[in-house]
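# Observations on the three-dimensional arrangement
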Amino acid sequence: MWTLADKMLSSRFLLGTAHYASLDIMKNAIRAAKTEVITVSLKRQRPEKKGGEQFWSSIKAMNCHLLPNTAGCHQANEAITMAEMARDMFQTNWIKLEVIGDNYNLQPDPFELVYAAKILVKKGFEVFPYCTDDLVLCQRLVDVGCRILMPWAAPIGSGKGLLNVYAMETLRQRLPHITLIVDAGIGTPSDAVHALELGYDAILLNTAVALAKKPIQMAEAFRDAIIAGRAAFEAGLMLERNMASPSTNLVDTPFWHQEKDISSLQDWMALPS
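The text that follows walks through the structure, step by step, so that each part is easy to find. (Residues numbered from 1 in each chain as written. Predicted model: local features only at pLDDT ≥ 70, side-chain atom pairs only at ≥ 80, totals over all residues. Heavy atoms only, no water.)

### Regarding the environment of Ile227
For clarity, the threshold we go by: The helix and strand labels rest on DSSP assignments: H or I over at least four residues marks a helix, E over at least two residues marks a strand, and numbering proceeds from the N terminus.
In this fold, Ile227 is placed in helix H9 (residues 215-235). C-alpha of Ile227 to C-alpha of Ser11: the two residues are 216 residues apart in sequence and 8.2 Å apart in space.

### Describing the state of the cysteines
Going by this rule: Disulfides are defined as cysteine sulfur pairs within 2.5 Å. Here's how the labels work: a residue is buried when its accessible area is under 20% of the maximum for its type, exposed when over 50%, partly exposed in between, all with a 1.4 Å probe on protein chains only.
Evaluation of the coordinates by the stated rule reveals 0 disulfides. Here Cys138 stays free of any disulfide, with the sulfur of Cys131 as its closest cysteine sulfur at 3.9 Å. Assessed through its relative accessible area of 0%, Cys138 is described here as buried.

### Some thoughts on the packing of aromatic side chains
Keep this limit in mind: Aromatic rings from Phe, Tyr and Trp, taking only the six-membered ring of Trp, are treated as a pair when their centres fall within 6.5 Å; an angle between ring planes under 30 degrees marks them as stacked, one over 60 as edge-to-face, and anything in between as tilted.
Enumeration according to the criterion identifies 2 aromatic pairs in this entry. With a centroid separation of 6.3 Å and 40 degrees between ring planes, the pair formed by Phe13 and Phe222 is classed as tilted. Of the two residues, Phe13 sits in strand S3 (residues 13-15) while Phe222 sits in helix H9, which places them 209 residues apart along the sequence. Across the pair, exposure class does not vary: Phe13 and Phe222 are buried alike. Between Trp94 and Phe128 the ring centres are 5.2 Å apart and the planes differ by 50 degrees, which places this aromatic pair in the tilted class. One end of the pair, Trp94, is in strand S6 (residues 94-97); the other, Phe128, is in strand S7 (residues 126-131), and 34 residues separate them in sequence.

### A closer look at the pattern of salt bridges
Two side chains with opposite charge may pair up if their charged atoms get near one another. Defined as follows: The rule for a salt bridge is simple: a side-chain nitrogen of Lys or Arg has to be within 4 Å of a carboxyl oxygen of Asp or Glu.
This model, assessed by the stated rule, comprises 9 salt bridges. For Glu84, the salt bridge is made with Lys123, and the minimal N-O distance between the two is 3.1 Å. Taken together, the residues span a long stretch of sequence, with Glu84 in helix H3 (residues 76-90) and Lys123 in the loop between helix H4 (110-122) and S7 at a distance of 39 residues. In this structure, Glu126 and Arg147 form a salt bridge, with 2.4 Å as the shortest nitrogen-oxygen distance. Separated by 21 residues along the polypeptide, Glu126 in strand S7 and Arg147 in the loop between helix H5 (135-143) and strand S8 (148-151) bring together distant segments of the chain. A residue is classified by how much of its surface remains accessible, and Glu126, at 10% relative accessible area, is buried. What emerges from the salt-bridge pattern is a single network uniting Lys96, Glu98 and Asp183.

### Focus: H4
Filter applied, for reference: The span expected for a helix works out to 1.5 Å for each residue beyond the first. The directions considered for the arc are those from the helix axis to the C-beta atoms. For this analysis, a polar contact is any N or O atom pair within 3.5 Å, provided that within protein one partner can donate a hydrogen and the other can accept it, and provided that sequence-adjacent residues contribute only side-chain to side-chain pairs.
With 13 residues, H4 ought to run about 18 Å at 1.5 Å a step, and its terminal C-alpha atoms sit 18 Å apart, in line with that. Leu113, Val114, Ala116, Ala117 and Leu120 are the residues of H4 that are buried. On an axial view of H4, the arc spanned by its buried residues comes to 165 degrees, and they lie on one face. Opposite the buried face of H4, at more than 90 degrees from it, the exposed residues are Phe111 and Lys122. The backbone nitrogen of Phe111 lies 3.0 Å from a side-chain oxygen of the residue at the head of H4, namely Asp109.

Below you can see the structure in the form of structure tokens.
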């Protein structure tokens, strides 16, 4: 069990709800992942759209904690309004804050993001800011009251994995008491393992499951990978070395040869010089 904001959870796998080929595949993938937190976007998944009511009914029936997001917002004020709408609609103070600054790589706008986070924290929201792995940006978000950060591993939907391991390690070391959730860029279960081995608290992803050839099977693979990565971190990884080190000590004698070797040594020492 671990604590995310004010909730006790058993799963460290957060899953998005976009891009699935059908509602049934989405629901079965969520079940296979055994996730307890799913993200939804008011701007891109509105109830009035075709099939919208069926989508929202299916989401509510999953009995998961909902993490609404402000996907598609480019200005702080727009994101703040979207967050307030989400709180009214879903009766939750959780909000995944996205304020996009560039349409090519969907990188967050650091200035608008910090401003929006500051306002939303004052309004009583538990803000989950989607940010880059920039240490100074992350520190500024913590300074305005964010207890949870969601740095990317790579641009959204790219599947490139952990592009800057050094930066991610630095965030974990410098912000030891902040909940860090990798959001965006995860492409394979091995990427998720690596992030959890670094000490990150959880993984949020969408595309890697939704666009897999077999989304349900991929959800299971990520579920198991995240469990393995966290277990490895808690077990304590061995330190890397720049030189080889034999796994078997070649100096000592195997125990089943000890008596023979001792007698041979005694015979040798008894020989005349």
